[in-house]
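Commentary on secondary and tertiary structure
Chain by chain, the residues run as shown.
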Amino acid sequence: MAKKKARRTTSSDTARRQNAKKKPAAAEPATPTATNDCERPCQVSQQRLQAILDNIDCEMLGKHVGAAFFHKGLQHDSDGLVADVDFGKFVESLATLNQTGNPNDLVGIAFEPDNRKWVNPLSGWSVDTELSDPCFHHIPAPPALTSEEAAAEAIELYWMANLRDIPFARWGSDENANKAIEELSDQKLYIDPTKDVNAPPTGTNGYVSRTLDVATLFRGGDLFAPDPLRERVGPYLSQFLTQEIPYGTLRVDQRVVYGQPYRDYMVDVDEWRAIQNGEPRTPNDNVIGDTLPGTLRYISTMRDLATYVHFDQLYQAYLNAALILLQNSYPFGEGNPYGQACPAYPGIGSSQPRSSDQKLGQNQEGFGTFGGAHVLSLVTEAATRALKAVWRQKWTHLRLRPEVYGGLVSRVPNLIGAAADTVTASAAYRANQKRHPTGLLPMAFPEGSPMHPAYGAGHATVAGACVTILKAFFKESEQIRSPKISSACGQHLEDYDAADAGYLTVGMELDKLAANISIGRNMAGVHWRSDYTQSILLGQRVAVDMLYRQSRDYVEDFCFHFTTYGGGEVHLDKDGVDYAPPGAMKQTVLSGASHGHPDRIARDQDKDIADALLAIV
């Protein structure tokens, strides 16, 4: 193993160490108090990467430590196992990058000239003036490779693959869907909101099972547990993936190209191994309405949704949602300075309306600030900042993709022991073997997963951030008008007139949109449930971080008040950020007093800000 580069000590290092010894007074808010500087190496990343290197030295899992982590693009043996010497060079290059910040530190790992390339590892080491350093926006370790939680997540993925072509509208009557509901009700798939969601899922902090039915199958699950109604109401698909999109004078229905039914990939061992080695494949090989003849249709199956999130631009669904809300005159939230005064909320926010004397709405309206142009730009801004935050996590945790786990289960089960036994004994796995005897996890995409690690999920982090922006701007409790549902064949829309139609609200359907887009990637087989869960929460923190940093840039008095994914309430204004967990009193998470306009927040406050935001679930 190559010797790691020593890091030269500078006077700024000394100053940082001195600052690190300073602790804020107990009476002060838990926020920006200049206790830590943004520095290389990032200690959280370094500890994680060094732990992987130490395990290689100790020969954990025999001589196949790399089997437990992301290694797509390196070369593999007949069972899909990567040589530890190659994997060690890869991880050590990442550790060196973390120490030096030198973009050339990964260049020395050779790829075949025509093979696929790793996707943008360097973005996680970039910084942004409107976001805390990605080093500090961390997420807990994912379920361990040999854990019952990982086995449970794999069983859910096998069921998703088995049911990819069953229309959402027919889940209630489909025999296999009901078998999935029965088996998944016993699986430990969900974080326990009463425990520490920011700690790894081990011991007493492990995941829990939930009794499922057709209304909760493959939905948001754990995040909505404090208010189950939010998860159950309405069709599976969000109204923001169904209703017409107004692009200026254009009117665009949401019919899509879609994947050829019952066409799965990477179920042949030789093909699976070639793709692990990085051989390229044509992504749209099976797309009807694009490379294959056929008509467009509305999203009606999991394969349709998986195809949507295969080709979408990451903020696309949220830009569409913003356009639907704006064009149809859905109201902004009550704290918009050009509407009503910022109201007093029980248990949270100011005891009196903050801006009762503000009368801007009498002769003005928002545009570049607190208007349509503002929210449309923020949705796209949030997307790229969320990606920077999650990309650091990807290239630090190095979680393997589900397609690789399927190979371990079916090819070398001894490496993961009882977890492999749990998966192969499941009804989901047995049903898959009837179609695909190899036991590999069927993939919806010809090329399988992207060329970057699984955890966290880019789509889910962007979903968490963008939907948080939309909930901050728009009135969540506003009822959805003229709700629709796709027919089982996807050829037309029908009015949704079920008994719960009147309960569909903007906030609920935005949360559902985030879950649909995120879990759509799981339906393709490229992500795990916990990738979704922790990434949605990471994206939420990114959005609040961004709104907080911008909060004193405005002349207007304003407030944002919105419901979190975990059912709590956030209140954000120029005085800072308050958070009230479900059924509890508020706590001040960030104070606005410690940074004043026009001065910007100093970089040495990044860690305090990111740590404080972990309280928001």
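Think of each chain on its own: its residues are numbered from 1, step by step along the sequence as written. Given that the model is predicted, a residue must reach a pLDDT of at least 70 before its local features are reported, and side-chain atom pairs must reach 80 or more before they are shown or counted; all residues, however, enter totals for whole chains, interfaces and linings. Side-chain numbers here rest on the full set of heavy atoms in the structure, without hydrogens or water.

Take unusual backbone geometry next. Residue Gly-456 is bonded to the preceding Tyr-455 through a cis peptide linkage, with omega at -5°. Every helix listed is a DSSP run of H or I at least four residues long, and every strand listed is a run of E at least two residues long, numbered separately from the N terminus. Along the chain, Gly-456 turns up in the loop between helix H13 (427–435) and helix H14 (458–473). The phi torsion at Leu-398 lies on the positive side, around 55°, for a residue other than glycine. Of note, Leu-398 is situated in the loop between helix H10 (372–397) and helix H11 (402–411).

Before going further, it helps to spend a moment on empty space enclosed by the protein. Only protein atoms enter the 1 Å grid, on which a cavity is a set of points fitting a 1.4 Å probe that cannot get out and a pocket is an open set with protein on both sides within 12 Å along at least 5 of 7 lines, lining residues being those with an atom within 4 Å of a point. Grid points are joined across faces, edges and corners, and a volume is the space filled by probe spheres set on the points. If you walk through the whole model with that rule in mind, you get eight cavities of 30 Å³ or more. Its volume calculated, the largest cavity comes out at about 90 Å³. In terms of lining, the largest cavity is formed by 15 residues, of which the most central are Ile-191, Asp-196, Ala-199, Asn-205 and Tyr-207. Polarity classes work like this: nonpolar for Ala, Val, Leu, Ile, Met, Phe, Trp, Tyr, Cys and Pro, charged for Asp, Glu, Lys and Arg, and polar for all others, with Gly in that last group. When the residues that make up the lining of the largest cavity are grouped by side-chain class, the tally is nine nonpolar, three polar and three charged.

In low-pLDDT regions, the fine details of the predicted coordinates are not to be read closely. pLDDT expresses how confident the predictor is about each individual residue, on a scale running from 0 to 100. Considering every residue of the protein chain, the mean pLDDT works out to 88; 87% of them sit at 70 or more. Counting interchain partners and residues more than four positions distant, the pLDDT-below-50 stretch residues 351–356 has 14 contacts. The contact definition used throughout considers only heavy atoms, calling two residues in contact when any of these lie within 4.5 Å. Between residues 594–598, whose pLDDT stays under 50, and residues either more than four places distant or in other chains, the model counts nine contacts.

Time to look at the state of the cysteines. Pairs of cysteine sulfur atoms within 2.5 Å are identified as disulfides in what follows. Counting across every chain of the model gives one disulfide. Through a disulfide, Cys-42 is tied to Cys-135; the S-S separation comes to 1.9 Å. The disulfide joining Cys-42 to Cys-135 has a torsion of about 85° about its S-S bond and is therefore right-handed. One end of the pair, Cys-42, is in the loop between helix H1 (11–20) and helix H2 (43–58); the other, Cys-135, is in the loop between helix H3 (84–100) and helix H4 (148–162), with 93 residues separating them in the sequence. The same class applies to Cys-42 as to Cys-135, namely buried. The buried label applies to any residue whose accessible area, calculated with a 1.4 Å probe on protein chains only, is under 20% of its type's maximum; exposed applies above 50%, and partly exposed to all values in between.

This brings us to the packing of helix H8 (residues 302–311) against helix H15 (residues 506–524). Throughout, an axis means a line fitted to C-alpha atoms (over the contacting stretch in the case of helices), and angles, computed between N-to-C directions, take values from 0 to 180 degrees. Their axes nearest at 8 Å, the elements H8 and H15 cross at an angle of 105°. One element, H8, and the other, H15, form an angle in the roughly perpendicular class. The segment H8 lies against H15, with Met-302, Leu-305, Ala-306, Tyr-308, Val-309 and His-310 engaging Asn-516, Ile-517, Gly-520, Arg-521, Met-523 and Ala-524. Looking at the contact of H8 with H15 residue by residue, the class counts come to eight nonpolar, three polar and one charged. Any angle between 65 and 115 degrees counts as roughly perpendicular, while under 35 counts as roughly parallel, over 145 as roughly antiparallel, and the rest as oblique.

Let's shift gears to the pairing of strand S12 (residues 587–591). The pairing criterion for strands is at least two bridges between them, as found by DSSP. In this sheet, S12 lies alongside strand S11 (residues 576–580) in antiparallel orientation, the contact comprising four bridges. Within S12, the residue paired with Val-577 across the bridge is Leu-590. Linking two consecutive strands that pair antiparallel, namely S11 and S12, is a turn of six residues; a positive phi of about 70° is found at Gly-583 within it.

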